[in-house]
Amino acid sequence: MARRKLAAGNWKMNGDLATLAEIDALCAEHPEPGCEVLICPPAVLIHAMKARTADCPIAIGGQDCHHAVSGAHTGDISAHQLKDAGASYVILGHSERRAHHGETDADVAAKAAAAHEAGLIAIICVGETEAQRDAGETLDIIASQMAGSIPEQATARNTVIAYEPVWAIGTGRTPTNDQIAEVHALMRDRLQARVADAADVRLLYGGSVKPGNATEIFAIAHVDGALVGGASLKASDFGGIVAALQASG
Ligand code: PEP
């Protein structure tokens, strides 16, 4: 199975119904993108975005899900509900969830298992803090987050891994190409212990990806696309990243 390149946008807690005009612009600019394009808006926009993209090959995803199918979990959303609303992906273990909501690797693995059960593709995020990088712990942290966060039933069809250094998210700072290459090579290697078809699992880089640095990042070995926060909110910026990914072959 060839690894289909993926440009994934994470709108976080940004956007409303009026913002869906950005999706119209993105679809007009890239009616047939040569890569997979995904937008993960706030959950309340999924249904409307799905309807709005009926004629456009943009996939839609959630930003988190609960590990249970249903029940007394006020404010939470299940993987099934995301799927029912029109999502085909869900981001899990984003560093903002890990830091602000205390999510552990075990929580992420349970959520990913629920996502798989519901028929969603889980984008599992891993990444070191700046202190961990400065202490020379990056590779150990990534290996241990992968070991704990990827559930048993993960395959290349239902799982994507995103390397997102916490210090690069929303800061305008990015690792060097060598640092990204080193982590992505480790991720590809460690996947072999977790997933039967490890060579086919897509690996994304995330952290201050912009149209101006995308081409360089997409040329790095084992980088199959990007998870993009700030630059996914405007069709003009995200379209530039999609174009760079498309051109990367
Ligand atoms: C993110 O939050 O997943 C992210 C990569 O954000 P940004 O692109 O804004 O750094």
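Going by the structure above, here's the rest.
The next thing to look at is the site of the ligand. Contacts to the ligand come from 14 residues, most closely from Lys12, Glu164, Gly170, Ser208 and Gly229. The side chain of lysine 12 places a nitrogen or oxygen atom 2.5 Å from an oxygen atom of the ligand. Backbone polar atom of serine 208 to an oxygen atom of the ligand: 2.8 Å apart, as the coordinates give it. Burial of the ligand by the surrounding chains reaches 96%, relative to a free accessible area of 290 Å². Tallied by class, the residues present in the shell around the ligand amount to four nonpolar, eight polar and two charged.

Another point: the sheet that holds strand β6 (residues 159-163). Strands sit in the order β1-β2-β3-β4-β5-β6-β7-β8 around a closed barrel of eight strands; the barrel is parallel. Strand-to-strand twist across the sheet, computed as the mean angle between neighbouring axes with direction ignored, equals 25°. Where strand β3 (residues 58-62) and strand β4 (residues 89-92) come together, two bridges link them in parallel fashion. Within β4, the residue paired with glycine 62 across the bridge is valine 90. The strands that helix α10 (residues 235-247) touches are β1 (6-10), β2 (36-40) and β8 (225-228); relative to β1, the one it contacts most, it runs at about 160°.

Okay, the packing of helix α1 (residues 21-29) against α10 next. Two elements in contact, α1 and α10, have axes whose closest approach is 9 Å; the angle formed by their N-to-C orientations is 35°. α10 is crossed by α1, and the crossing has right-handed handedness. Of the residues in α10, those touching α1 at Glu22, Ala25, Leu26 and Glu29 are Ala235, Ser236, Phe238 and Gly239. Partitioning the contact of α1 with α10 into residue classes produces four nonpolar, two polar and two charged.

With that settled, the discussion passes to the pairing of β6. When you tally the buried positions in β6, you get five out of five residues, the bulk of the element. Neither face of β6 is open: one carries Thr159, Ile161 and Tyr163, the other Val160 and Ala162, and all of them are buried. Examined bridge by bridge, strand β5 (residues 121-126) and β6 share five bridges and lie parallel to one another. Bridging across to β6, cysteine 125 finds its partner in alanine 162.

For the rest of this paragraph, the subject is the nonpolar core. Counting 63 residues, the largest nonpolar core has Ile161, Met187, Leu191 and Phe218 as the members making the most contacts within it. Here leucine 191 is in contact with Met146, Ile150, Ile161, Ala198, Val201 and Leu203, once residues within four sequence places are set aside.

All right, on to unusual backbone geometry then. One non-glycine residue, lysine 12, lies in positive phi territory at about 50°. Along the polypeptide, lysine 12 turns up in the loop between β1 and α1. What makes lysine 12 partly exposed here is its relative accessible area of 22%. The phi dihedral of histidine 222 falls on the positive side, at around 70°, and the residue is not glycine. Examined against the element boundaries, histidine 222 turns out to sit in the loop between α9 (211-218) and β8. Given the relative accessible area of 28%, histidine 222 is considered partly exposed.

Reading the values: rules and limits
- Numbering of residues starts from 1 in each chain and follows the order in which that chain's sequence is written.
- For this predicted model, a pLDDT threshold of at least 70 governs which residues receive local features, and a threshold of 80 or more governs which side-chain atom pairs are given and counted, while totals over whole chains, interfaces and linings are taken from all residues.
- Side-chain descriptors were evaluated using all non-hydrogen atoms of the structure, hydrogens and water having been removed beforehand.
- Whether a residue is near a molecule or strand depends on its heavy atoms: if one lies within 4 Å, it is near.
- Think of a polar contact as two N or O atoms within 3.5 Å of one another; within protein, one of them needs to be a possible hydrogen donor and the other a possible acceptor, and neighboring residues in sequence only count if both atoms come from side chains.
- Only the protein chains shown count as covering a residue, and every accessible area follows the Shrake-Rupley method with a 1.4 Å probe.
- The residue classification treats Ala, Val, Leu, Ile, Met, Phe, Trp, Tyr, Cys and Pro as nonpolar and Asp, Glu, Lys and Arg as charged. All others, Gly included, are polar.
- When DSSP finds two or more bridges between two strands, those strands count as paired.
- In this text, helices come from DSSP runs of H or I with a minimum length of four residues, and strands from runs of E with a minimum of two, each type numbered from the N-terminal end.
- Simply put, an axis is a line fit to the C-alpha atoms, just over the touching stretch for a helix, and the angle between two N-to-C directions goes from 0 to 180 degrees.
- Residues are treated as being in contact if the distance between any of their heavy atoms lies within 4.5 Å.
- In this scheme, a crossing is called left-handed if the near helix is turned counterclockwise away from the far one by less than a right angle; it is called right-handed if the turn is clockwise.
- Note on exposure labels: buried denotes an accessible area under 20% of the residue type's maximum, exposed denotes more than 50%, and partly exposed covers the range between, all computed with a 1.4 Å probe on protein chains only.
- Put simply, buried Ala, Val, Leu, Ile, Met, Phe, Trp, Tyr and Cys residues joined by side-chain atoms within 4.5 Å make one nonpolar core.

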